[in-house]
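Listed here are the chains, written in short residue letters.
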Amino acid sequence: MTHEGLVPVIVLGGTGYVAGECLRLLLGHPSLRVESVASMSREGGAVTAAFPHLAGTAADAWSFTSIEAALGSLRPGRTVGVLAATPHGATAAILDRLLAAAEAVGADTRVVDLSADFRYPDAAAYEAVYGHAHGAPSRIAQFACGVPEHIVGAPARHAAQPGCFTTAVTLAAYPFLAAGLVEDDVFASAVTGSSGSGRTPSATTHHPERHADLKAYSPLAHRHEPEMRRLLAAASGGREPDVQFVPHSGPFVRGIHATVRMTLKADHSAEDLAALASRFYADGSFVRVATTPPRLSEVVGTNRARLGVAARGRTLVVTSVIDNLVKGAAGGGIQWLNRLLGWPDDRGLIVPGPGWF
Ligand SMILES: NC(=O)c1ccc[n+]([C@@H]2O[C@H](COP(=O)([O-])OP(=O)(O)OC[C@H]3O[C@@H](n4cnc5c(N)ncnc54)[C@H](OP(=O)(O)O)[C@@H]3O)[C@@H](O)[C@H]2O)c1
């Protein structure tokens, strides 16, 4: 069903980096309107005090509300979008409360969860990765998880955006697994900017510790690795490929650069492989493929992904760049919300990047 007119949106996790990106993108969206921005820490405060770069726009009129106040705006039959930019572990219970309130009044609510809480098909799979009980197991079946480019239509009422590393790596590997050209064995190394760690500083994300350094963390043990296996299984006839993932903390703020190595079953030229991936993504606006390695500066600030294909003998290497806060979170979330509302994926999301940042 396609929704007409302006659809109001509730943003949860108000002062966080991802929520800030949701607000920035929503300010330019022709069919979505920010209804409320819920914050636990700054209720009543001006949104532009947390995000001075949004001042001088409609955001000047916005104040953070409580989650309860946001729920109070649900009305019978009214369509409301929700972007949940709250931490994993807390999000499921918040969304359960929100959805129960929506059901009680008969509101038509479409949720996109940007946290990890609805990325797994059942509570046991979630609990195996996150080590705590799921906050709303009965809601899991209402969410479809995937990169929008890899899913046809909207298979559930709500959506869960995959993790930012997962997005960068699966965009690179999916077309080749789906075409049956590579073995079920994917090595991925990726470098992320510091905004991937959110707003709260820690010893490892503090600027002096990070700005001129580079290090791997959680090699072969990162929480996004099982997500990658699960989502890539859809391309591999249901078999989970053996994904080996090594993430790194990079000395920049925004963006993910992933290098994904796969083994070809037969020799192919880089040109033919790039053409195949280009055809795979041709229906969408955001993913473009070349035989030259992409740069972060081509995508930062945008919902784009750029893939670069290289091949020699049986070795295939795909480099993949996205903005972790946009394609990996807020932009991918709005792309999903567009889809859930029956609109083109790219509505409001075709924005030029700054190039330098
Ligand atoms: N950063 C990225 O690149 C990225 C990429 C993909 C997905 N994500 C996911 O997106 C979500 C937000 O990430 P972020 O980087 O924006 O994190 P963040 O900067 O730490 O923001 C999260 C916000 O959630 C609110 N919050 C904190 N604890 C809470 C709790 N117990 N219950 C409810 N709300 C709470 C806080 O806002 P208020 O005090 O204003 O309520 C906080 O600012 C996370 O689930 C993260 O994993 C992040």
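Everything quoted here is computed from the prediction, not taken from an experiment.

Cut-offs and rules
For every chain, the first residue of its written sequence is number 1, and the numbers climb from 1 along that sequence. Per-residue local features are limited, in this predicted model, to residues with pLDDT of at least 70; the limit for side-chain atom pairs, both in listing and counting, is 80 or more; totals at the level of whole chains, interfaces and linings are taken over all residues. For each domain, the first and last residues come from an automatic or database assignment. Contact between two residues is assigned whenever their backbone-derived C-beta positions fall within 7 Å. Here, nearness means that the C-beta atom of a residue, built from backbone geometry, sits within 6 Å of the molecule or strand in question. By the criteria applied, helices consist of DSSP H or I runs no shorter than four residues and strands consist of E runs no shorter than two, each listed in order from the N terminus. All amino acids are sorted into three groups, where Ala, Val, Leu, Ile, Met, Phe, Trp, Tyr, Cys and Pro are nonpolar, Asp, Glu, Lys and Arg are charged, and the leftover types, Gly among them, are polar. Around each residue's C-beta, the other C-beta atoms within 10 Å are counted; 20 or more make the residue buried, 12 or fewer make it exposed, and counts in between make it partly exposed. All C-beta atoms are placed from the backbone. Strands qualify as paired when DSSP identifies two bridges or more between them. Only C-alpha atoms enter the line fits that serve as axes; for helices the fit covers just the stretch in contact. Angles between N-to-C directions range over 0 to 180 degrees.

### Quick look at the domain arrangement of the chain
Step number 1: Split by domain assignment, the chain resolves into domain 1 (7-145) and domain 2 (165-323).
Step number 2: Inter-centroid distance (C-alpha atoms) of domain 1 to domain 2 is 27 Å.
Step number 3: With five residues of domain 1 at the interface, the matching set in domain 2 holds six residues.

### Things to note about the site of the ligand
Step number 1: Taken together, 29 residues form the shell around the ligand, and within it G16, S39, S41, S115 and G198 come nearest.
Step number 2: When contributions to the shell around the ligand are tallied by element, the ones reaching two or more residues are helix 1 (17-27) and helix 10 (326-340).
Step number 3: Considering every element that reaches the shell around the ligand, the biggest residue donor is helix 1, with three residues.
Step number 4: Considering only residue class, the shell around the ligand consists of eleven nonpolar, 16 polar and two charged.
Step number 5: When residues of the shell around the ligand are sorted by domain, at least three fall in each of domain 1 (7-145) and domain 2 (165-323).

### Description of the environment of L171
Step number 1: Take L171: it is sitting in helix 6 (residues 164-178).
Step number 2: Judged by the 27 C-beta atoms lying within 10 Å of it, L171 falls in the buried class.
Step number 3: It is 7.8 Å that separates the C-alpha atoms of L171 and V147, two residues lying 24 residues apart in sequence.
Step number 4: Setting aside anything within four residues of it in sequence, one finds L171 in contact with V147, E149, V287, A305, L307 and S320.

### Here we look at the sheet that holds strand 2 (residues 32-38)
Step number 1: In space, the seven strands of this open sheet follow the order 3-2-1-4-5-7-6, with parallel pairing throughout. The open sheet has two edge strands with one neighbour each: strand 3 (64-65) and strand 6 (143-145).
Step number 2: As paired strands, strand 1 (residues 7-12) and strand 2 are joined by six bridges and run parallel to one another. Looking at the pairing, V11 lines up with V37 of strand 2.
Step number 3: Relative to the sheet, helix 1 contacts strand 1, strand 2 and strand 4 (79-84), its axis offset from that of strand 2 by approximately 155 degrees.
Step number 4: Here helix 4 (residues 91-105) sits on the sheet in contact with strand 1, strand 4 and strand 5 (108-113), set at roughly 170 degrees to strand 5.

### Details of unusual backbone geometry
Step number 1: Here the phi dihedral of S218 falls at roughly 45 degrees; this positive angle occurs in a residue that is not glycine.
Step number 2: Along the chain, S218 falls in the loop between strand 9 (215-216) and helix 8 (224-233).
Step number 3: A residue is classified by how many C-beta atoms lie within 10 Å of it, and S218, with 12 of them, is exposed.

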